[in-house]
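Residues per chain are reported as follows:
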Amino acid sequence: MPLKLLLLSTSVGPLSSGLGGGVELTLYNLAQELWQRGHEFKVVAPENSKLGTFPVIEIPGELQTTAQTQADTAPIIMPENSVLANMWDYARQVQREYDLIFNIAYDWLPFYLTPFFDRPIAHFISMGAMTRAMDEIMERVAVQFPGTIAVYTQTQAHTFPFGDRCRCVGSGIDLSLYQFCAQPEPCLAWLGRIAPEKALEDAVAAAQITGMKLKIMGKIQDESYWQQILADYPKAPIEYLGFLTTAQMQQELRQCRALLMTPRWIEAFGNVAIEALACGVPVISYRRGGPAEIVEDGKTGFLVEPDSVTGLVEAIKDLDEIDRSICRTQAETEYSLKAWGDRMERWFEDILSAIAI
Ligand code: UDP
């Protein structure tokens with residue numbers, strides 16, 4: 001039966017700005033799958049958002065600051081004229097037109113508001129544990145509304161005290177958007193938000209040691225952090241290409257010998273890992289967080305000791321051992337959009353049938 005869903009985006013940036021990181025792709029993929037399957041939905045997001053050709057209800061207001069680098073005891077902060085509050089006020093007013101509300105924002109307010117809504121809310125948590133205040137409110141929802149919280153990976157779920165109450169749905173991508181490349185150029189790729197938790201400096205250091213060019217793509221979220229990297233590694237063979245669209249990004253990515261992933265934090269998933277595999281590009285990552293659940297060590301890339309630049313350098317030297325066609329095959333068998341869409345649809349149906357009982 002077709003569902004009617006209201007999808008609420010992240011409040012840290014407009015969709016397509018890159019500020020939302022992997023959730024922008026995840027939300028786009030969800031819209032794509034819902035549309036393919038004949039479900040009705042509307043997307044609510046901050047002003048100036050774009051989501052492919054899907055219409056977006058744009059809500060004005062001040063953006064929420066990102067949660068990634070907050071201390072464990074950080075309080076919840078809401079700006080004046082908060083876009084997050086405005087988005088959820090809109091949702092409150094129109095909720096009766098929908099069967100289910102989907103929340104992808106890693107924010108306190110949607111969790112707090114859950115019991116005050118008439119309609120069920122499916123919360124997709126996109127990051128691991130950050131602050132105690134967030135953990136507390138998410139746990140309250142996990143206990144009061146069983147089955148309504150989903151995460152990307154087991155590793156991510158285990159960062160939460162309520163990890164065993166989370167549903168693990170993984171991720172998936174539209175494989176037709178990523179072209180396989182058998183013959184790469186002698187260069188490496190690094191993709192993502194340029195922010196301290198992603199530790200780009202380690203990839204730059206590895207490029208400097210190996211002398212292999214590193215193509216960097218992604219939104220500069222923290223300008224002073226980026227300037228520090230440029231100052232610390234003036235001679236590293238790096239090239240910054242900007243924040244690219246998926247189509248442009250995969251054209252650059254697929255020509256690279258490997259993707260370097262250097263998360264300092266517990267990366268919840270790492271959409272960039274499966275995007276690389278889809279192009280036949282092996283992934284060299286720290287053995288930490290989501291990438292450690294994705295990369296098959298020695299087969300579709302290498303998992304190296306966390307925070308070890310030497311480990312990255314050694315893995316780069318071993319890249320000839322990897323068969324790039326096996327990388328593409330792994331993406332096809334484990335990360336198709338269809339398989340992910342099935343899991344998301346089942347999750348929504350389970351929430352709705354639980355309240356129907
Ligand atoms: N990305 C992009 N263009 C770029 C660099 C990155 O569209 O130039 C996207 C990439 O496709 C991925 C997202 O940025 O979907 C990064 O997500 P990931 O899950 O790896 O990390 P997050 O930012 O969520 O921590």
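Everything below is about the structure printed above this text.
(A) Spotlight on the site of the ligand. Around the ligand, the surrounding shell holds 18 residues, and the nearest of these are Gly22, Arg193, Lys198, Leu244 and Glu275. Between the ligand and Val272, the relevant distance is 3.4 Å, taken from an oxygen atom to a main-chain nitrogen or oxygen of the residue. One of the side-chain nitrogen or oxygen atoms of Glu275 is found 2.6 Å away from an oxygen atom of the ligand. Relative to its unbound accessible area of 540 Å², the ligand is 91% covered by the protein chains. Taken together, the elements giving at least two residues each to the shell around the ligand come down to α1 (22-36) and α9 (271-278). For the shell around the ligand, the element with the highest residue contribution is α9, accounting for 3 residues. For the shell around the ligand, the per-class residue count stands at 8 nonpolar, 6 polar and 4 charged.

(B) A look at the packing of α1 against helix α13 (residues 337-356). Running from amino to carboxyl end, α1 crosses α13 at an angle of 80°, the nearest separation of the two axes being 10 Å. Taken together, α1 and α13 sit at an angle that is classed as roughly perpendicular. Here Thr26, Asn29, Leu30, Gln32, Glu33 and Leu34 of α1 come into contact with α13, specifically with Leu337, Lys338, Trp340, Gly341, Met344 and Phe348. Of the residues in the contact of α1 with α13, the class split is 6 nonpolar, 4 polar and 2 charged.

(C) Examining the packing of helix α6 (residues 200-210) against helix α7 (residues 223-232) more closely. The interhelical angle for the contact between α6 and α7, taken along N-to-C directions, is 20°, at an axis separation of 10 Å. Taken together, the axis directions place α6 and α7 in an arrangement best described as roughly parallel. When the axes of α6 and α7 are compared, the crossing they make is right-handed. Packed against α6, whose contacting residues are Leu200, Glu201 and Val204, the element α7 presents Tyr225, Trp226 and Ile229 at the interface.

(D) Inspection of the state of the cysteines at higher detail. Tallying each qualifying case throughout the model produces 0 disulfides. Cysteine Cys187 shares no disulfide, and the gap to the nearest cysteine sulfur, in Cys256, comes to 3.7 Å. Between Cys279, a cysteine without a disulfide, and Cys181, which holds the nearest cysteine sulfur, the sulfur-to-sulfur distance is 8.4 Å. Relative accessible area serves as the criterion here: at 0%, Cys279 is assigned to the buried category.

(E) Examining helix α11 (residues 309-317) more closely. Of all the residues in α11, the buried ones are Val309, Gly311, Leu312, Val313, Ala315 and Ile316. Of the surrounding elements, those touching the buried residues of α11 are β8 (187-191), α6, β11 (258-261), β12 (283-286) and β13 (301-304).

Calculation notes
Residues numbered from 1 in each chain as written. Predicted model: local features only at pLDDT ≥ 70, side-chain atom pairs only at ≥ 80, totals over all residues. Heavy atoms only, no water. Near = heavy atom within 4 Å. Polar contact = N/O pair within 3.5 Å; in protein donor to acceptor, adjacent residues only side chain to side chain. Areas by Shrake-Rupley, 256 points an atom, 1.4 Å probe, with all protein chains shown as cover. Helix = DSSP H or I, 4+ residues; strand = E, 2+ residues; numbered from the N terminus. Nonpolar A, V, L, I, M, F, W, Y, C, P; charged D, E, K, R; others polar. Axes fitted to C-alpha atoms, helices over the stretch in contact; angles between N-to-C directions. Parallel < 35°, antiparallel > 145°, perpendicular 65-115°, else oblique. Contact = heavy atoms within 4.5 Å. Left-handed = near helix turned anticlockwise from the far one by under 90°. Disulfide = S-S within 2.5 Å. Buried < 20%, exposed > 50% of the residue type's maximum accessible area, 1.4 Å probe, protein only.

Structural measurements only, silent on function.
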